[in-house]
Amino acid sequence: MKKSRHHTAIWKCIAFVVILCSQGLVAQSTDIFRLEYLNIPENESGVKTQRYKALLNIPIKLNEKDEYLAIGGEYNRFDMGYTADLPFDKKEMIRFHIIDFNLGLIKKWNEDWNLVTILTPRIASNLLDGIIMDDFFMNASAAFWKEKPKADKPFRIVLGLTYNSTAGVPVPLPLVHYYRRFHPDWSFVIGVPKSNLKYHLDKKHSFELASFLDGYFMNLQNDIILDNGLVASRISFNALVGSLGYQYNVTDNISFFAIAGTTLYQEGKLRNKEKGEVFLFNKDPNFYIRTGFKIGIF
């Protein structure tokens, strides 16, 4: 039993901190395996988005000192449509790909805390002409993780730093995640990119109110030249989402889920190589619908 509990803790550590370096795709995930579909229907800006996601994380034991290597990957494909008249050729902005490779080290710091460091090389581009150097980005995170699942009011806390080469901030940013099961039927998470309040109807069914960030930052392999002479080499989308979610648990770790909500704030922009704004093409709220299957930890 002790070995089983230890391996569960290691899995939790791996799965949680993998999400911390995915700030270019800031939807939160704590999964070993995940398949997901996102639909953001057309809004008044004339933009619609579909996203297909697949994720897998695997731990490898290095030695008897509670050290593990975490390897994994995530793939996202974006299919986008535009009905608005834009002052440039939209063929560069139809389909995008994000491919992450996760490499992490997990170490027992003391009886209460684990230290996790993770490096995430990323390819993010429309990939019209294969892969080029401008398609590559780098993210990194380091965090301390603690959990007391057997306490009267179970909790989990993660404290750390993350560096994201696409964020436009040349220094590491703080990471904070706090979870507490404050009642047998209720729990909450306070953190970034997601906070929620969850009602656990029973072991099979749960509902949640959540707010979270979602978005992307990707390379345009062929520059878009606007009529005013400005040149766009990147595309970004940022959204704050408010949602209501439902989860059906097949087992303690395997579940189906559905989320419906709206973007409370969003901006889709073309940017230059210095990440400066070139053109705002999406600024109006959308419905936000996400569903999928996961083998998770929390």
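To be clear, the structure that these remarks concern was listed above.
Read on for a plain summary of the structure. Everything quoted here is computed from the prediction, not taken from an experiment.

1. Focus on the nonpolar core
Within soluble globular proteins, side chains that are nonpolar generally end up buried alongside one another. Ranked by internal contacts, the top residues of the largest apolar core, which has 30 residues, are M93, I235, L270 and F281. Within the residue set of this core, elements represented by two or more residues are β1 (31-40), β3 (67-82), β4 (95-108), β11 (205-225), β12 (231-249) and β14 (277-282). Top contributing element to this core by residue count: β11, with seven residues. Each residue touching M93, except ones within four places of it in the same chain, is listed here: M80, Y82, F88, L220, I224, I235, L270 and F281.

2. Quick word on the environment of G46
Looking at where G46 falls in the secondary structure, it is placed in the loop between β1 and β2 (47-61). Distance from G46 to N282, taken between C-alpha atoms, is 7.8 Å for residues 236 residues apart in sequence. When neighbours within four sequence positions are excluded, G46 is seen to be in contact with G81, Y82, T83 and A84.

3. So, the pattern of salt bridges
Applying the stated rule across the entire model yields 15 salt bridges. With a shortest N-O distance of 2.8 Å, R34 and E36 are connected by a salt bridge. There is no split in this pair, since R34 and E36 are both buried. With a shortest N-O distance of 3.3 Å, R51 and E36 are connected by a salt bridge. Placement of R51 in strand β2 and of E36 in strand β1 is noted, with a sequence separation of 15 residues between them. The class for E36 is buried, based on a relative accessible area of 7%.

4. A few points about the side chain of E67
Along the chain, E67 turns up in strand β3. Here N63 takes part through its side chain, which lies 2.9 Å from a polar atom of the side chain of E67.

5. Some points on the environment of S125
On the secondary structure map, S125 appears in strand β5 (residues 114-125). With ten residues separating them in the primary sequence, S125 and D135 have C-alpha atoms 5.5 Å apart. What S125 contacts, discounting residues up to four positions off in sequence, is F96, H97, D135, M218, N219 and Q221. A distance of 3.3 Å separates a polar atom in the side chain of S125 from a polar atom in the side chain of N126.

6. Side note on the packing of aromatic side chains
In this description, an aromatic ring pair is defined by two values, namely the gap between the centres and the angle between the planes. Using the criterion set out here, one finds 15 aromatic pairs in the structure. Over the face of the ring belonging to Y179 we find R156, whose NZ or CZ atom lies 4.5 Å from the ring centre. Residue placement shows K294 over the ring face of F257; its charged tip is 5.6 Å from the ring centre.

7. Digging into the pairing of β4
Relative to β4, β3 runs antiparallel, the two sharing 13 bridges. The residue bridging A70 from the neighbouring strand is G104, located in β4. Alignment of β4 against β5, held across ten bridges, turns out to be antiparallel. If you follow K107 over to β5, its bridge partner there is L115. Linking β4 to β5, which pair antiparallel, is a turn of five residues.

8. What to know about unusual backbone geometry
Peptide bonds are trans in most cases, and residues, glycine excluded, mostly fall at negative phi. The phi torsion at L127 lies on the positive side, around 50°, for a residue other than glycine. Mapped onto the elements, L127 comes out in the loop between β5 and β6 (136-148). Although it is not a glycine, K275 adopts a positive phi angle of roughly 75°. One can find K275 in the loop between β13 (254-271) and β14.

Criteria and thresholds
- Residues numbered from 1 in each chain as written.
- Predicted model: local features only at pLDDT ≥ 70, side-chain atom pairs only at ≥ 80, totals over all residues.
- Heavy atoms only, no water.
- Core = buried A, V, L, I, M, F, W, Y, C linked by side-chain atoms within 4.5 Å.
- Buried < 20%, exposed > 50% of the residue type's maximum accessible area, 1.4 Å probe, protein only.
- Helix = DSSP H or I, 4+ residues; strand = E, 2+ residues; numbered from the N terminus.
- Contact = heavy atoms within 4.5 Å.
- Salt bridge = Lys/Arg side-chain N within 4 Å of Asp/Glu carboxyl O.
- Polar contact = N/O pair within 3.5 Å; in protein donor to acceptor, adjacent residues only side chain to side chain.
- Phe/Tyr/Trp six-rings, centres within 6.5 Å; stacked < 30°, edge-to-face > 60°.
- Lys NZ or Arg CZ within 6 Å of the ring centre and 35° of its normal.
- Pairing = 2+ DSSP bridges.

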